[in-house]
Amino acid sequence: MSVAKEVKGYMIDVQGTLIDDKQKRPIAGSVEAIAKLQKQETPFVLVTNNTKQDSEKFKTYLHELGYIFDDTQYLDPLMVLDTILPPTSVAAYGTPEFLTLLKERGYRFDFESPKAVLVSIKADFTNDEYAQMIELILGGAKLVGMHETSIYAKNGRRYPGVGAILKMISFATGCEFQVVGKPSVSFYTQALEKLRTQDKSISFETVEMISDDLKGDLSGAKALGMKTSLVLSGKISSIEEVKSIVKNSADIVAKTIGDVLNIGSGDWHELR
């Protein structure tokens, strides 16, 4: 029988785990949870799929909400995009804020013969956009996703996430796709390096990933050997919604991150 390894550090999702999906305000116990890790000098890194704000602005926003962390404790896809896809011609899809950030970084928009189709999240994708993506990929463009989120929660509704869109387009065209942010191995590896600046002995096997995204975050973390904790404070509101797949991706299920870290009610249970 294998022996569970000690958790030495944490990778922590932001949207739906620290801040709520509606008002982008702290979820109960989340500020205290991060403060507890800081007080105990426990290594952690916030791993968010933020693509709507410049990284520095989003970090500032989180600081203003009361979260205490430094640059070694934060990673988002915008920080690593150019290592996956250096500035080039792209057919880009996402929020206006995301498109503006791309232009500022030197990406050129081309919806006729781009080098890549680059997909981020928004609530109002259309069938015409999906058709355009398919035609461009069949014409030779590669498919890249800013992350592989399973569900996008906004205004009390749940939409297909970037991961779901990538797999749909991949199925339609037969193409492979690359992912910049979670749960790509390259992104998690860079997050691990940030943890190792805090404790050189940390490995994937001694990291616990905490997130509200079972498929988009935790399944990839689990495959790398991390311990995984699903919180029901975001995309998923009950185990019943994911009962057929939860045991394959989550070791622990809790209401909030505070409960995972034994702050507040401590309402969590281990899946066996």
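What you see is a predicted model; the values in this text were computed from it and never measured.

**Q** I would appreciate a short explanation of the pattern of salt bridges in the present structure.
**A** Pairing is possible between side chains that carry opposite charge, provided their charged atoms lie close to one another. With the rule as written, the count across this model stands at twelve salt bridges. The closest approach of N and O atoms between K167 and E148, which form a salt bridge, is 3.6 Å. Of this pair, K167 sits in helix 6 (residues 162-173) while E148 sits in the loop between strand 7 (142-145) and strand 8 (151-154), and the two are 19 residues apart along the sequence. The exposure class assigned to E148 is buried, which follows from its relative accessible area of 17%. Between E240 and K243 there is a salt bridge, with the nearest N and O atoms lying 3.5 Å from each other. By relative accessible area, which is 56% here, K243 ends up exposed. Three or more residues are tied together by salt bridges with common partners; here these are D13, K182 and D217.

**Q** Before we go on, may I ask you to explain the environment of P160 in this structure?
**A** Within the fold, P160 resides in strand 9 (residues 157-160). Note on P160: relative accessible area 48%, which makes it partly exposed. Along the backbone, P160 and I121 are 39 residues apart, and their C-alpha atoms lie at a distance of 9.1 Å. Beyond its immediate chain neighbours, meaning those up to four positions away, P160 contacts I121, S150, Y152 and I165.

Definitions and cut-offs
Residues numbered from 1 in each chain as written. Predicted model: local features only at pLDDT ≥ 70, side-chain atom pairs only at ≥ 80, totals over all residues. Heavy atoms only, no water. Salt bridge = Lys/Arg side-chain N within 4 Å of Asp/Glu carboxyl O. Helix = DSSP H or I, 4+ residues; strand = E, 2+ residues; numbered from the N terminus. Buried < 20%, exposed > 50% of the residue type's maximum accessible area, 1.4 Å probe, protein only. Contact = heavy atoms within 4.5 Å.

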